[in-house]
Amino acid sequence: MLNLTPFARVLLLAGLIAAEPAASKAEQLNLSQDWLVHKTDAAGADQGGYDDRGWTRIVVPHDASIMDGSDGTPFDANAEAGQDSGYLPGGIVWYRKHLSLSTAQAAQVARLNFEAVYMDAQIWVNGQPVATHRYGYSAFSIDLTGKLRAGDNLIAVRVNHEDPSSRWYAGTGLIRPVSLDLMNCAHIEPDSIAITTPVATPKTGEVSVATTVANCAAGAKSVELVNRVVAANGDVVASAAIRLSAPAKGRMAHKQNLTVPDPALWSPESPNLYTLVQQVRVGGAVVDERRTRFGIRTISVDAVKGLRINGQPVRLRGGNIHHDNYMLGAAGFPNADTRKVALMKAAGYNAIRMAHNPASQATLDAADQLGMLVIDEAFDAWNKNKRPKDYARFFADNWERDITSLVVSGRNHPSVLFWSIGNEIPESGTPLGVETGRKLARVVRSLDPSRPVTQGVNAEPPLDDAQFATGDVAGYNYHANLFAGDHDRFPDRVMFTSESTSKDAFDYWHPVETMPWVIGDFVWTAVDYIGETGIGWMGYSQDWQKLGPYPWHLAYCGEIDAIGRKRPAAYYREVLWKTGIDPISAFVRQPKETQDLPDRGLFPTTPPHLDWSLDDVHPSWTWPDQVGKAVEVDVYSEFPEVELFLNGKSLGRKGVGVASQYKATYSVAYAPGKLVAIGYRDGREAGRWELRTAGDPVRAQLHSDKTQIVANGEDLAYVNLTLLDDDGTPIYARDGDRQVTVHVSGAAALAGIGNGNPMDAASFQSGKRTTFHGQLAFVLRGLNQPGKIQVTVDIDGLPAQYLRLDAVAGNGGTR
């Protein structure tokens with residue numbers, strides 16, 4: 001059996017799904033290719049006769065905010081949103097795409113799907129306005145039936161991203177996939193499919209399917225609706241068929257119950273999936289087919305037994321994430337969103353809280369496949385704004401459509417655990433906030449009564465009590481100190497930490513282990529992100545107005561950094577959660593009067609003041625200026641006893657456990673060589689961790705997460721570069737970093753390059769970057785033709801490195 005990494009497993013599963021036969025008489029066109037983009041307004045660009053020859057050809061998903069300016073970088077020290085957006089601009093952006101259709105295609109029922117457009121978008125088709133959509137994160141569809149024609153069709157989109165629109169980096173443009181559904185007159189309405197599994201036991205899985213069949217014809221139509229549940233091995237494990245009369249130019253809703261014997265249940269440990277294959281048949285011929293993946297599982301939660309999946313207790317080992325993909329900006333390429341989930345799973349997380357907007361379909365697909373639970377969140381603002389141009393100005397007219405989109409887009413994903421209706425809403429606890437929470441929760445429950453409703457609240461009692469009463473599960477932002485007292489006052493309230501600070505991980509996790517009504521903890525954040533500059537380094541000023549000045553552009557609070565490296569805080573969390581992934585690890589605290597990055601103490605603060613900074617410790621034993629001086633070494637261990645050795649000499653054994661918060665600290669007189677931490681259980685060595693002094697860099701090592709890229713114009717490969725010394729020890733010291741230039745030729749293009757340095761405001765697209773702590777990463781995007789891919793990497797003062805991959809034929813036109 002292949003020993004696959006989590007990310008490789010996701011890719012394999014995704015490939016198997018994509019290989020299934022296409023639906024008969026219906027198709028979904030992937031509109032990712034051959035878009036044109038233009039930054040700044042363009043009068044008349046909605047019309048077919050507009051001259052767009054000077055526009056830039058791009059692939060969707062696309063983020064216009066990371067396109068290089070005239071100075072060769074996308075960053076602007078004077079950007080309107082400043083520290084919030086990581087000094088990246090918004091603005092007006094136009095997109096145009098020409099689409100050629102056959103006569104048969106143009107005559108079908110047509111539905112244009114945008115998974116997300118940031119933000120305030122207007123859409124035209126063939127010169128006619130067809131839609132306006134304000135929210136930058138919700139999926140929406142446009143009925144184009146009768147509006148398309150045989151031959152050339154023009155889709156034009158105007159995006160108006162006014163700043164400041166967000167407290168974090170949002171991106172600008174067609175940030176998620178675009179597609180076109182072409183369907184028979186008799187068809188399943190895609191948004192109508194709702195699958196629930198009210199019974200999930202080892203013996204029986206009950207599957208309830210709600211579906212609406214539409215008929216665009218002038219007369220009623222007799223149709224057969226067939227439902228089949230298909231297991232991962234292709235076996236049909238349940239099926240049913242019924243004949244319906246679809247009314248003229250109308251719809252017929254139907255609910256079907258199926259029973260799956262001896263089901264393979266879905267859980268975080270065993271994420272087993274089924275596919276619901278639905279067909280509409282007219283006169284025995286298949287005219288529409290829909291495939292929907294789902295899992296058989298139940299969710300229950302109460303203050304006595306906590307959270308249970310299929311009756312088994314689960315503690316939420318959670319992390320918050322934003323939607324951007326660093327060197328790709330906010331472009332939500334499915335591979336990039338998948339990778340983020342895989343990185344979290346590999347680091348021991350079992351839950352994600354989307355902050356603070358709906359998850360992409362790729363994120364939910366990966367969570368389904370890997371066994372990650374998701375809190376899918378709707379909004380960061382309701383009626384009152386947090387920034388002058390945020391969603392609050394559109395909320396009153398759009399909230400119902402957007403909350404509906406959240407639920408409809410996510411309800412068939414077994415990974416979705418709770419629906420979150422908002423985060424840190426300014427009017428929480430007030431009559432306006434309570435009434436708004438009630439109406440949001442009411443709509444959510446009408447669309448999906450199978451999942452609890454929650455909200456991230458940071459108000460103090462009694463305002464939080466009033467707001468919590470609108471939901472089913474209470475999300476506390478940074479208020480673990482209230483868990484015991486609130487349980488006394490509200491013994492039936494189920495609680496979790498929806499946001500916590502990394503350096504206080506033990507204090508937030510200990511209640512989860514000792515209080516049954518506290519079901520989990522979500523750190524801020526699991527993965528680093530653009531915007532809220534330096535919140536994880538210097539933090540906010542005392543008055544909460546200032547963050548990192550330019551060129552700071554990353555938050556730098558991710559326990560996994562922007563290129564996917566686990567930082568020391570991630571290793572500590574693995575120990576705290578007792579994952580067994582890295583049961584012992586050791587890190588060195590930055591020596592006094594030295595600095596890894598500037599501005600650590602830029603904003604002196606006095607308590608109480610939230611501190612999102614991570615401990616300034618490092619996986620390095622290369623400190624040439626510290627010879628003979630005392631340095632502090634922190635050892636994290638699941639094992640009850642640890643011993644530290646320097647160059648073979650023991651520095652003593654120490655006990656670790658709850659009392660020491662699973663840490664042991666040593667003061668060590670620095671000498672170059674080898675530092676080894678050994679963990680003991682029952683007196684025997686059970687694990688070890690080693691740090692070695694590195695010499696000068698002599699070579700680089702490349703590692704790609706795949707050897708083949710699908711030649712569909714959007715498939716990605718991530719490549720990591722690591723500098724090594726003569727013995728193969730990774731370089732970490734900053735004076736060993738080197739300038740790198742990446743050249744790509746053949747059947748791929750460079751999609752982005754980055755190093756995770758929160759102050760390196762260089763181009764993501766130029767192919768040039770300096771390593772940060774000896775590493776960087778770049779992304780390759782396959783083009784539309786199969787062939788060889790050649791990558792040459794030049795490193796200042798070191799031998800060039802070469803990488804060869806293949807772009808292979810794959811599914812790029814339909815899905």
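These figures come from a predicted structure and were not determined experimentally. (Residues numbered from 1 in each chain as written. Predicted model: local features only at pLDDT ≥ 70, side-chain atom pairs only at ≥ 80, totals over all residues. Heavy atoms only, no water.)

1. What about the overall build of the protein?
Stated formally: We count a stretch as a helix when DSSP gives it H or I for four or more residues in a row; a strand needs E for two or more, and each element gets its number in order from the N terminus. The size measure is the radius of gyration over C-alpha atoms, and the globule rule it meets is 2.2 Å times the number of residues to the 0.38 power. The classification of residues rests on relative accessible area computed with a 1.4 Å probe and restricted to protein chains. Under 20% of the type maximum is buried, over 50% is exposed, and intermediate values are partly exposed. We call two residues in contact whenever any of their non-hydrogen atoms come within 4.5 Å of each other. We get accessible surface area from the Shrake-Rupley algorithm with a probe of 1.4 Å; when it comes to residues, only the shown protein chains can shield them. For this count, His and the chain ends are skipped, Lys and Arg are scored as positive, and Asp and Glu as negative. Every charge is mapped onto a representative atom, which is NZ of Lys, CZ of Arg, CG of Asp or CD of Glu.
Per the secondary structure count, the protein includes ten helices and 46 strands. Relative to the 2.2 N^0.38 estimate, which gives 28 Å for 815 residues, the radius of gyration of the protein is 27 Å and therefore close to what a compact globule would have. Projected onto the principal axes, the alpha-carbon positions of the protein cover approximately 90 × 65 × 55 Å. For the protein, the proportion of its 815 residues judged to be buried stands at 60%. Taking contacts inside the protein between residues at least 6 apart in sequence as the whole, the part at least 24 apart equals 72%. For the protein, the accessible surface area stands at approximately 30,300 Å², while carbon and sulfur atoms represent 50% of it. Each charge sign in the protein was given a centre, from 78 positive and 92 negative side chains, and these centres are 4 Å apart.

2. Side note on the packing of helix H3 (residues 334-346) against helix H4 (residues 361-370)
Applicable threshold: The convention used is that axes are lines fitted to C-alpha atoms, helices contributing only their stretch in contact, and that angles between N-to-C directions extend from 0 to 180 degrees. Each angle receives one of four descriptions, namely roughly parallel if under 35 degrees, roughly antiparallel if over 145, roughly perpendicular if within 65 to 115, and oblique otherwise. By convention the crossing between two helices is left-handed if the near helix lies anticlockwise of the far one by an angle smaller than a right angle, and right-handed if it lies clockwise. Under the scheme applied here, ten amino acids are nonpolar (Ala, Val, Leu, Ile, Met, Phe, Trp, Tyr, Cys and Pro), four are charged (Asp, Glu, Lys and Arg), and all others, including Gly, are polar.
It is the contact of H3 with H4, at a shortest axis distance of 8 Å, that shows an interaxial angle of 40°. Between H3 and H4, the interaxial angle falls into the category oblique. In terms of crossing hand, the pair formed by H3 and H4 is right-handed. Touching Pro334, Asp337, Thr338, Val341, Ala342 and Lys345 of H3 are Ala362, Thr363, Ala366, Ala367 and Leu370, all from H4. Among the residues making up the contact of H3 with H4, the classes are represented as seven nonpolar, two polar and two charged.

3. Topic: the state of the cysteines
Going by this rule: Only a pair of cysteine sulfur atoms within 2.5 Å counts as a disulfide in this structure description.
Inspection of every chain in the model, using the stated rule, returns one disulfide. The disulfide partner of Cys185 is Cys216, and the S-S distance across this bridge is 2.1 Å. One disulfide, between Cys185 and Cys216, carries an S-S torsion of -140° and so falls in the left-handed class. Of this pair, Cys185 sits in the loop between strand S10 (178-183) and strand S11 (186-188) while Cys216 sits in the loop between strand S13 (204-215) and strand S14 (221-230), placing them 31 residues apart in sequence. What makes Cys216 partly exposed here is its relative accessible area of 36%.

4. As for empty space enclosed by the protein
Our working rule: The method works on a 1 Å grid over the protein atoms by themselves. A cavity is a set of points holding a 1.4 Å probe that cannot get out, a pocket is an open set with protein on both sides within 12 Å along at least five of seven lines, and residues with an atom within 4 Å of a point line them. Grid points are joined across faces, edges and corners, and a volume is the space filled by probe spheres set on the points.
All told, the structure shown has five cavities of 30 Å³ or more when counted by the stated rule. Reported here for the largest cavity is a volume of approximately 160 Å³. Lining of the largest cavity is provided by 16 residues; of these, Ser165, Trp168, Asp380, Asp390 and Tyr391 occupy positions nearest its centre. A class-by-class count of the residues in the lining of the largest cavity yields seven nonpolar, four polar and five charged.

5. Details of helix H9 (residues 505-514)
Of the residues making up H9, those classed as buried are Ala505, Phe506, Tyr508, Trp509, Pro511 and Val512. Packed against the buried residues of H9 are strand S22 (316-321), helix H8 (483-489), strand S28 (495-501), strand S29 (518-524) and helix H10 (568-576).

6. Regarding the sheet that holds strand S41 (residues 739-746)
Put simply, the rule reads: Only when DSSP finds a minimum of two bridges between them are two strands counted as paired.
Read from one edge to the other, the open sheet built from five strands follows the order S39-S46-S45-S41-S43, with strand pairing classed as mixed. Among the strands making up the open sheet, the edge pair consists of strand S39 (708-710) and strand S43 (768-770). Going from strand to strand, the sheet's axes swing by 30° on average, the running direction of each strand aside. Pairing of S41 with strand S45 (residues 787-795), which is carried by seven bridges, proceeds in the antiparallel orientation.

7. Let's talk about unusual backbone geometry
Each neighbour pair has its own omega, and for Tyr118 with Met119 the value is -15°, a cis peptide bond. Considering the arrangement of structural elements, one finds Met119 in the loop between strand S5 (109-114) and strand S6 (121-125). Located in the positive-phi region is Asn647, a residue other than glycine, with phi close to 50°. Given a relative accessible area of 45%, Asn647 falls into the partly exposed group. Although it is not a glycine, Gln661 adopts a positive phi angle of roughly 60°. By relative accessible area, Gln661 is classed as partly exposed at 30%.

8. A closer look at H3
Turn by turn, an α-helix covers 3.6 residues, leaving residues three or four places apart pointing in a common direction. Short version of the rule: Expected helix span is taken as 1.5 Å per residue step, with the number of steps being one fewer than the number of residues.
With 13 residues, H3 extends 18 Å between its outermost C-alpha atoms, agreeing within 8% with the 18 Å of an ideal straight helix rising 1.5 Å per residue. Where H3 is concerned, the buried positions are Asn335, Ala336, Asp337, Thr338, Arg339, Lys340, Val341, Ala342 and Met344.

9. Considerations on the pairing of strand S36 (residues 674-681)
For S36, a buried count of six out of eight residues is recorded, marking the element as mostly surrounded by other parts of the structure. Both strand S33 (residues 641-646) and S36 contribute to a ladder of six bridges, which runs antiparallel. Residue pairing across strands places Phe645 opposite Val676, the latter belonging to S36. The turn linking S36 back onto strand S37 (residues 684-692) is made up of two residues, and Asp682 within it adopts a positive phi angle of 55°.

10. Structural notes on the nonpolar core
Here is the rule we go by: Side-chain atoms within 4.5 Å link the members of a nonpolar core, which is a set of buried Ala, Val, Leu, Ile, Met, Phe, Trp, Tyr and Cys residues.
Ile403, Trp621, Val633 and Val635 are the most contacted members of the largest nonpolar core, which has 146 residues in total. With six residues, helix H5 (residues 392-410) is the single largest residue contributor to this core. Excluding residues within four positions of it along the chain, Val635 makes contact with Ile584, Ser585, Ala586, Val642, Leu644, Tyr662, Lys663, Ala664, Tyr666 and Ala677. One finds Trp35, Ile58, Ala121 and Val125 within the second-largest nonpolar core, a separate group that totals 30 residues.

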